[in-house]
Amino acid sequence: AIIRGNASEIINLARIWKLQEGSLSGGTVDSSAKTEDAAESAVLLAEYTGGAVAVSGSADYVTDGKYAVVSYGGSPLMERGTGYGCALGGIAACCLVLAEPVTAALCAVNAFNHAGRCAEKKCSGTGSFRQAFMDELYNMTAEKIAHNSFEIAECR
């Protein structure tokens, strides 16, 4: 119901499923592509699957193929650690229990972006950031998720 990946992963998945032209990145997928580079791929994947696609990056892009949402926040320290993307996928799956795919994906990325922004203010490095980030997620509320900055637009 939700596909989540960095921009390079989303672009390559659209190419693997032959939804887009282009060559694959040689068997490895890095995080060098920017979120906006994957917007078209994300829309095509969402239309193809009937679910939602969440592209992680400095700003996160969530779409159901009809509407696109860009969620702001987070922290550059999230790029310096491992497991944040996988954890985001897990949070999105938890949200999916209570909401349809695009709403679940948006709630998950907004929660992560809010937690990342707040954790960065309380830490002195990547180790203390991870701890502060987990504490922020633990103390997350619906109000914090709803008030994280995001923009909505129609696709195409």
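Residues numbered from 1 in each chain as written. Predicted model: local features only at pLDDT ≥ 70, side-chain atom pairs only at ≥ 80, totals over all residues. Heavy atoms only, no water.

S.K.: Got a minute to help me understand the sheet that holds strand 3 (residues 60–63) in this structure?
M.R.: Strands pair in a sheet through their backbones, by hydrogen bonds, and they do so in one of two ways: parallel or antiparallel. Read from one edge to the other, the open sheet built from 5 strands follows the order 1-2-3-4-5, with strand pairing classed as mixed. A strand with exactly one partner marks an edge of an open sheet, and here the two such strands are strand 1 (2–6) and strand 5 (150–154). Shown here is a sheet whose adjacent strand axes are inclined to one another by a mean of 15 degrees, direction ignored. Pairing geometry for strand 3 and strand 4 (residues 67–71), over 4 bridges, is antiparallel. Across the sheet, residue Thr 63 finds its bridge partner in strand 4, namely Ala 68. Seen against the sheet, helix 1 (residues 7–16) touches strand 1 and strand 2 (52–56) and runs at an angle of roughly 125 degrees to strand 1. (Pairing = 2+ DSSP bridges. Helix = DSSP H or I, 4+ residues; strand = E, 2+ residues; numbered from the N terminus. Axes fitted to C-alpha atoms, helices over the stretch in contact; angles between N-to-C directions. Contact = heavy atoms within 4.5 Å.)

S.K.: I tried to follow the nonpolar core on my own but got confused; where do I start?
M.R.: Side chains that are nonpolar tend, in soluble globular proteins, to be buried together. In terms of nonpolar packing, the biggest core is built from 24 residues, with Val 62, Met 78, Val 109, Phe 129 and Phe 133 touching the most fellow members. At the level of secondary structure, the elements contributing two or more residues to this core comprise strand 2, helix 3 (84–96), helix 4 (101–122) and helix 5 (126–138). Beyond its immediate sequence surroundings of up to four residues, Met 78 is in contact with Tyr 84, Phe 112, Gly 116, Phe 129 and Phe 133. Membership of the second largest hydrophobic core comes to 16 residues, among which are Ile 11, Ala 14, Ala 39 and Cys 155. (Core = buried A, V, L, I, M, F, W, Y, C linked by side-chain atoms within 4.5 Å. Buried < 20%, exposed > 50% of the residue type's maximum accessible area, 1.4 Å probe, protein only.)

S.K.: Sorry if this is basic, but what is going on with the side chain of Asn 148 here?
M.R.: Residue position: Asn 148 is located in the loop between helix 6 (142–147) and strand 5. On the basis of relative accessible area, Asn 148 is assigned to the buried category, the value being 2%. Within polar-contact distance, the side chain of Asn 148 engages the backbone oxygen of Tyr 72 at 2.8 Å. Excluding its chain neighbours within four sequence positions, the residues that come into contact with Asn 148 are Ser 71, Tyr 72, Asn 110, Asn 113, His 114 and Arg 117. (Polar contact = N/O pair within 3.5 Å; in protein donor to acceptor, adjacent residues only side chain to side chain.)

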